[in-house]
Amino acid sequence: MYPSSSVTDAQGALLEPLLPPPGNATGHGGRPEKHCRRLILDAIFYVVRGGIAWRQLPSEFPPAMTVYAIFARWVRAGAWQRIHDALRDRLRIHDGRGPLPTAAIIDSQSVPGADTVGRSSRGYDTGKKINGRKRHIAVDTNGLLLAVVVTVAGIEDRDARLRLLASLRARFSTISLVWADGGYAGRFVTWAKNVLALVVEVVKRTDDATGFTVLPRRWVVERTFAWISKHRRCVRDYETRPDHHEAMVHIAMIVTMSRRLARSA
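The rules behind the values
Residues numbered from 1 in each chain as written. Predicted model: local features only at pLDDT ≥ 70, side-chain atom pairs only at ≥ 80, totals over all residues. Heavy atoms only, no water. Buried < 20%, exposed > 50% of the residue type's maximum accessible area, 1.4 Å probe, protein only. Helix = DSSP H or I, 4+ residues; strand = E, 2+ residues; numbered from the N terminus. Pairing = 2+ DSSP bridges. Core = buried A, V, L, I, M, F, W, Y, C linked by side-chain atoms within 4.5 Å. Contact = heavy atoms within 4.5 Å. Axes fitted to C-alpha atoms, helices over the stretch in contact; angles between N-to-C directions. Parallel < 35°, antiparallel > 145°, perpendicular 65-115°, else oblique. Nonpolar A, V, L, I, M, F, W, Y, C, P; charged D, E, K, R; others polar. pLDDT = per-residue confidence, 0-100.

(A) The pairing of strand 1 (residues 103–112), seen in detail. Burial analysis of strand 1 places 9 of its 10 residues in the buried class, the great majority of the element. Relative to strand 3 (residues 130–139), strand 1 runs antiparallel, the two being bridged by 8 bridges. Looking at strand 3, one finds that V111 is bridged to R133.

Dropping the structure here:
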């Protein structure tokens with residue numbers, strides 16, 4: 001129905017086997033699901049791509065609160081991250097790489113928070129002059145997402161990056177090298193090497209550089225931020241919970257990767 005967000009037949013073939021089983025199929029009773037799962041995915045992707053409120057879903061979709069309840073249930077179950085990771089591994093293999101990366105690039109991006117973001121989970125980034133939240137991501141050398149951590153925008157990068165790298169190390173024992181910008185220099189490099197066995201290589205702008213300059217490795221993570229920001233629900237943070245914003249980032253990448261895989265099928 002909506003070319004920019006609707007699930008194609010090829011995408012559906014990729015995504016439907018990865019969805020959590022219906023509640024009544026787990027042996028704990030319950031009613032069968034009333035709505036087609038592909039239509040539920042269509043509705044969620046429509047919200048993420050269009051940046052609209054849940055209650056503004058067009059009438060051809062299932063009821064808005066039903067769609068939101070399924071989205072939230074899958075967040076609690078960790079389903080979005082599992083779907084994302086399965087697609088990422090499949091795409092890495094399709095590109096001729098192994099499923100487990102050996103290097104990563106990290107960076108952060110502040111996004112303004114809407115009035116739905118409570119005071120307890122938002123802050124002010126004095127450098128970017130943004131009041132909202134900050135997402136810290138790690139990507140592989142192709143720009144595919146490896147880890148995301150959402151914090152208040154006012155947090156110091158040196159504090160959030162500890163959480164990001166700890167999450168990265170917990171999920172990927174194969175990674176040994178991480179590229180980062182100049183804000184990650186100093187004791188953080190020593191900490192990463194001694195505690196997590198990660199070599200952090202800082203990529204800085206040269207002193208004589210003027211205007212826009214493409215920096216080695218760092219352009220990859222900037223391109224990933226651009227992929228995520230194509231989905232308007234990720235341009236501004238509307239989520240009352242940080243884990244819901246992390247899910248929105250995962251969904252944006254699920255759409256990006258599933259379309260790429262579907263085109264090459």
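Read on for the rest.
(B) Structural context of the pairing of strand 4 (residues 145–152). In terms of residue burial, strand 4 counts as a mostly covered element, since 7 of its 8 residues are buried. Here strand 3 pairs with strand 4 via 7 bridges, running antiparallel. In the strand pairing of strand 4, V139 is matched with L145. In this structure, the hairpin formed by strand 3 and strand 4 is closed by a connection of 5 residues, where G143 is found at a positive phi of approximately 90°.

(C) Region of interest: the nonpolar core. Of all hydrophobic cores here, the largest spans 53 residues; its most connected members are L41, I44, F45, L57, F71, W80 and I251. Considering every element that reaches this core, the biggest residue donor is helix 8 (residues 242–264), with 11 residues. Beyond its immediate sequence surroundings of up to four residues, I44 is in contact with W54, V67, F71, W80 and I251. Grouped together as the second largest cluster of nonpolar side chains are 19 residues, V178, Y184, L198 and V200 included.

(D) The arrangement of the environment of T102 in detail. Its location among the elements puts T102 in the loop between helix 4 (79–94) and strand 1. C-alpha of T102 to C-alpha of S173: the two residues are 71 residues apart in sequence and 8.6 Å apart in space.

(E) Structural context of the packing of helix 7 (residues 218–229) against helix 8. Relative to each other, helix 7 and helix 8 sit at 95°, their axes nearing to 9 Å. Of the possible angle classes, the one that applies to helix 7 and helix 8 is roughly perpendicular. Residues T224, W227 and I228 of helix 7 form the contact with helix 8, whose participating residues are V249, A252 and M253. The class makeup of the residues in the contact of helix 7 with helix 8 is 5 nonpolar, 1 polar and no charged.

(F) Molecular detail of the confidence of the model for the chain. Looking at the chain, pLDDT values average 90 and 93% of them are 70 or higher. Mean pLDDT in the chain bottoms out at helix 5 (residues 157–171), which sits at 88, and peaks at helix 4, which reaches 97.

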